[in-house]
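If you want the building blocks of each chain, they are given just below.
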Amino acid sequence: MPQQIALNVNGKSHVVEVEADSMLLYALRDNLELRGPKFGCGLSECGACTVLMNGNAVHSCIIPVSAVGNAKIVTLEGLGTAEGPHPLQKAFIAEQAAQCGYCINGMIMQAASLLKRNPRPSRNDIKQALNGNLCRCGTHMRIVRAVERAAAERVSE
Amino acid sequence: MSAKSNDMRSTAEGALSRRDFLRTSGGLVIAFTLFGPAGPAGAAESSPADAAQPSLTPPPAGKLYAWLAVHPDNSATLFTGKVETGTGVQTALAQIAAEELDLPFDRLDVVMGTTSKTVDQGPSYGSMTVRYAGPQIRQAGAAGRQALLDLAAKHFGVPAQQLVVKEGTISVSGSPDRSITYGKLVDGKRLNIDIGASGQQFGLKVAPNARPKDPSTYTLVGKPIARKDIPAKIMGRFTYVQDVRVEGMLHGRVVRPYGVEATLVSVDETGLKKIPGFVQVVRRENFLGVVAKTEWGAIQAAAKLGSTLNPSGPEAGQAKWSNWSGLPKMDQIWETVRNTPAVHSSSAVSKGSTATALASASRTLKATYKTPFQMHGSIGPECAIADVKGDRATLWSGTQMPHETRRDMAKLLNIPLDGIEVRWFEASGAYGRNGLEHVVADAAIMSQIVGKPVRVQWMRWDSHGWEPKEPPIVQDLEGGLDSAGHVIAWQHHMWVPTTGDTHLVAAALIGHPDVTGQTGASGRAPVRYAYNFDNAEVTSHGEGRVGLLTAWLRSPAQFETTFAMESFIDELAAAAKQDPLAFRLAHLEDAKAIAVLKAAAQAYGWESRPAGAKADRSGKPAHGRGIAWVNRDDSRVATIADVMVDPSSGRISVSRVVVAHDCGMVINPDGLKNQIEGNVIQSLSRTLHEEVAFDTARVTSLDWKGYPILRFEEIPDRIDIVLVNNSPEHPSTGGGEPSTCPTAAVISNAVFDAIGVRLRQTPFRPESVKAAMS
Ligand code: FES
Ligand code: FES
C-alpha cells in the first residue's frame, strides 16, 4: 500500500506518497517531477538514473524509497542553478559535451562524486569512474574533456 | 522556459500564461538559455479534449507563415518538419535561417516536427537533413527577409534598394534615425505571404524566386556556434519525450509475446487488483499490456504477466503464450541469409569480364565477410504518450518521422487524418529506426481501449528485444592480380536482408500487420563502387525479412559493405606486397576520394610500407595501423587508426583515430566534429563488441550485459579530424552517418598489420581474435 514517505531532495524535505518498495527513481521523476535522473535500464547497468546520496553517486533505479531514510539526495537540478551552474555543468556546456544528452545526467552526477573524492583526477581516473556509465551517441571524448576542464578550473579557483 | 509563442495569432493577443501558451503552441520544446528563467518541473501538457484547436493539418509550404513567425519583441521562430535526434541539426538549420534573415542567432527559436505547425519535409534520416532541408529553409529565410524589406519599403515610402538590414532592424540607407525592427514592422501578425512551393518532402522546392545571400558574406553559417539544446540538457531542464506528462494520464507497459510470433493463449489476472494503482489489462488479439495510475504499478502488473528480464518460457508469467520457435538458428544465420531468395537484385557495377580476368590472373584471392544482427540500443527506452478519443488523437512522440507517424496512426486507429496531431519532443538518440515509431502505436492502442491518455515507456528488455535490428549480411569477394600486382578482376556479391521493414509490431499483434508499413528490399546496392578495376562485378541480393524485424541503423548495410570491400582491397594490397594507401590511390580516379585519403594520410603522418610487413607473431602485444575510406551518398570519408593487439588476451585497443571528412560546406564545424567523434566511437563499439544473440523463439540479448557496448576504458586517446572541401562552392552533403562506414575495415586492416591475422567477421571480441590467431 502507498505510504507517506519523507525525502530530502535538493535541500528541501518532501513527502511523497509511494509504495515503500518502489524505486527512488520513480519518486523523483513522477512524484517530484524532476527531469534530471532518467530511466535507462532499471537494472543498475547504465547510469542514466544516477543521483547523489549523501554525496555518493548511486543508481536510483534500484534504491527502494524505504532505504533512503534521511539521506540527502541531490539530482542534476540541485547541483547548480541557472544563475550559478556547477563547475561541471559549465564545463559540459563549454565543451559542448552532449549529443542527445540522455546519458549526461549520469555522467555529471558520477563525475561530481569523483571530483569530491579526488579533485585532481588523471584521465585514467576519469575513465574508470565513468566506466559504468553508458553513452550510445559516442560523446565520450567530450565528456572526458569536460570533466578534465571542470577539475582544472576548480583547482585554479 | 521562454514563453515565446510559435503562433502569430496568439502572440498578437498579448502576453500568455504558460498554460495558455502550451495550449496554443502544442508540444513546443524551447531551448532554455542558461541564465534565463527555468520553467516549472515537468511539462504539464493539456489534452486535446480541452483545447480548442482550429486545424491539425500541416500549414501550406507555399506560405511564409509555414516557416517563419516574427514576434513583437523582435525575436522569431523557425518551423521545420525536420527533427533533432541528437545530431545538432536544430542548430544547423537555425544558423541557415538566421543567416538569411539577418537576425541574431539567439533571437531565433526552432519548432520541430509537430505536425500541425510544420511542413512535411520528409523524415530526418539518411544524413539528409542539411542536404535537403537546408536549401528549403535557406529559400524560406531569404523569402522572409525579402518580405520584411517590402514591408519596410512601404512603411518608409522608399524603394527597397535604399534599405539596409542589421540584426533584425531595417533602416533607410544614410538616415539611421529612420529605422524599425522586424517585430514592430510585423506587429504581431501572421506572415500570410505567398512564397511559392512545389514538390514534396525531400524534393520540396520552396520560394523558388527568393535570392539567398552570397556565401562570401556569411557571418553565422560555417561558424562553430554553441548548440541551442545543450544548456537545458546539462542543467536538467530539458523536456525529453520521456519527461512529458499529460493531465490525467495513465502509465502503460507492454507485455510482448515470449516467442516473436507466439499467440496469446490465456491471461490469468489473479492478484493484479491487489497491485496499488492497477487499472486494467489491455488486450487486443495478441497485443497485451497493462495500465495503472503509477509507473511502479504498471511495472509490477506487467511483471506478473511475464514482462521480466529473464522469463523462463512461454508460460513463465500469468499470460500464457503458444510455444513458437520459428527463428533460424543463430549459428546458421549466414547460411540462412545466403539461401533466402532475393526480392530485388541490383548491380552497382558490371564491367568487362570478371570470369575471364580471374582465369588469367597471376594470383587470385577469395574471402567471405560476415556481420551480425546489431541494435540501435538507445540509452533511454522508447516512450510515447497517446490520447485517443473518438476520432481525435494526440500523440506525443520522439519519432524521426512525425508526419509519417501521423499518417500511420490514422490507418492504425482508423481515424481521419484531420483528427490527428503528433506533438514532437526529442527522445534519447535513435540512430535510425529504433522502437520510437512502434511505441507510439502501443500507446495509441492502449489509449483507444481505455479512453484516457496513456504513457508507455518500454522496459529495457522490450527495447533490446523488440526494436528493429540491423540485419546480418554475408558477402563473398574474389579478386585477381596481374604479375605487376595490379587488380585486374573484382567480384563482390552481398546478401542483404531488408533494412527498410516498416511494419509496426503492434499492428501485427492486433492482427493487421499490413495496415501500415511495408517490407522494403534494398532497391540499389548498399555500396558505392569507386575503384577503376578493368573487370568488376558488384551485385547485391536484396531480401525481405530474415528472422528478426529489421530496419535502418546508422549507415544501413553500408557500414557492413564498406567493411568487406575496404578489408578485401587491403588483402589484395598485402598479397601484392604494396602499401595499402598507394594501392588504393593507384586504383582510384574519384578526385574527392583521393583528396580525403591524402588528407588523412598527411594528418596521420603516413609512411609508405606494405601492410603486415612488420607483423609481430611473437605473441607479445603488437601495434598496427589501418586505413579505409567510403563514399556515402556523395560524402567522402577516410579513416586511419592505430591499434594494439594483445595476443594473450585477444584484446584490441585503439589509441589514435584520424578522420578526413568531405561533406562539402559545413554549417557548424563543431557540431560536425561532435557527430564524427560519435560515429567513430559508436562504430568502434559495433566493430569490437556488438552482436544480437537469439534462440529460435526470441532475442536473448535483453540488457547491456547481453549486448555490451564500448565503455570509457576503451576509448581512443585521440580522434583527429580534418575537414576537406569545406567551402561554399561545394554544396553540403550529409554528416550524420558517413564516418561510421570505414571503421570495421580500418580495425581489421590494423589488426592484420599488427599480427598478420585477418578478421572477417564482426564483432572482433577477444575470443574471436584468439580463434582467428590459432
Ligand atoms: S537506469 Fe539505473 S542504472 Fe540504468
Ligand atoms: S549523448 Fe546520447 S547517450 Fe550520451
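Residues numbered from 1 in each chain as written. Chains lettered and ligands numbered in written order. Predicted model: local features only at pLDDT ≥ 70, side-chain atom pairs only at ≥ 80, totals over all residues. Heavy atoms only, no water.

(A) Structural detail: the overall build of chain A. Along its length, chain A carries 6 helices and 5 strands. Mapped in sequence order, the helices and strands of chain A form the string β-β-α-β-β-β-α-α-α-α-α. Against the globule reference of 15 Å for 157 residues, chain A gives a C-alpha radius of gyration of 15 Å, in line with a compact fold. Considered along the principal axes of its C-alpha atoms, chain A spans approximately 50 × 30 × 25 Å. Taking as baseline every contact in chain A between residues at least 6 positions apart, the subset at least 24 positions apart corresponds to 55%. Summed over all atoms, the accessible surface of chain A reaches about 5,600 Å², with 48% contributed by carbon and sulfur. (Helix = DSSP H or I, 4+ residues; strand = E, 2+ residues; numbered from the N terminus. Rg over C-alpha atoms; globule rule 2.2 N^0.38 Å. Contact = heavy atoms within 4.5 Å. Areas by Shrake-Rupley, 256 points an atom, 1.4 Å probe, with all protein chains shown as cover.)

(B) Representation of the packing of helix α17 (residues 669-688) of chain B against helix α18 (residues 743-755) of chain B. Residues and elements named next belong to chain B. Running from N to C, α17 and α18 cross one another at 60 degrees; their axes reach a closest spacing of 8 Å. In terms of orientation, α17 and α18 fall into the oblique class. Relative to α18, the crossing made by α17 is right-handed. Along its contact with α17, which presents Val680, Ser683, Leu684, Thr687 and Leu688, the element α18 presents Thr743, Ala744 and Ile747. For the contact of α17 with α18, the residue count by class is 5 nonpolar, 3 polar and no charged. (Axes fitted to C-alpha atoms, helices over the stretch in contact; angles between N-to-C directions. Parallel < 35°, antiparallel > 145°, perpendicular 65-115°, else oblique. Left-handed = near helix turned anticlockwise from the far one by under 90°. Nonpolar A, V, L, I, M, F, W, Y, C, P; charged D, E, K, R; others polar.)

(C) Structural context of the packing of helix α3 (residues 89-101) of chain B against helix α4 (residues 129-156) of chain B. Residues and elements named next belong to chain B. Running from N to C, α3 and α4 point in directions that differ by 30 degrees, and their axes come no closer than 7 Å. Regarding the angle of α3 to α4, the classification is roughly parallel. Of the two possible hands of crossing, α3 and α4 adopt the one that is right-handed. Residue-level inspection shows Val89, Ala92, Leu93, Ile96, Ala97, Glu100 and Leu101 of α3 in contact with α4, the latter providing Thr129, Val130, Ala133, Gly134, Ile137, Arg138, Gly141, Ala142, Gly144, Arg145 and Leu148. When its residues are assigned to classes, the contact of α3 with α4 shows 11 nonpolar, 4 polar and 3 charged.

(D) View of the domain arrangement of chain B. All names here are of chain B. Partitioning chain B into structural domains gives domain 1 (14-41 + 54-238), domain 2 (250-321 + 376-466) and domain 3 (340-373 + 469-773). Each partner contributes residues to the interface: domain 2 has 34 residues there, and domain 3 has 27 residues. Roughly 2,800 Å² is buried in total at the junction of domain 2 and domain 3, and carbon and sulfur atoms are behind 66% of that figure. If you look at where domain 2 meets domain 3, you find 0 salt bridges. (Domains from an automatic or database assignment. Buried area = accessible area lost by both parts, 1.4 Å probe. Salt bridge = Lys/Arg side-chain N within 4 Å of Asp/Glu carboxyl O.)

(E) Molecular detail of the domain arrangement of chain A. Residues and elements named next belong to chain A. Partitioning chain A into domains gives domain 1 (3-77) and domain 2 (87-156). The gap between the C-alpha centroids of domain 1 and domain 2 is 21 Å. The partner domain 2 presents 13 residues to the 18 residues of domain 1 that form the contact. Taken together, the two surfaces of domain 1 and domain 2 that pack against each other cover about 1,200 Å², and 56% of this comes from carbon and sulfur. There are 0 salt bridges connecting domain 1 and domain 2. Secondary structure elements with two or more residues in the side of domain 1 that touches domain 2: β3 (50-53) and β4 (56-59). Top contributing element to the side of domain 1 that touches domain 2 by residue count: β3, with 3 residues.

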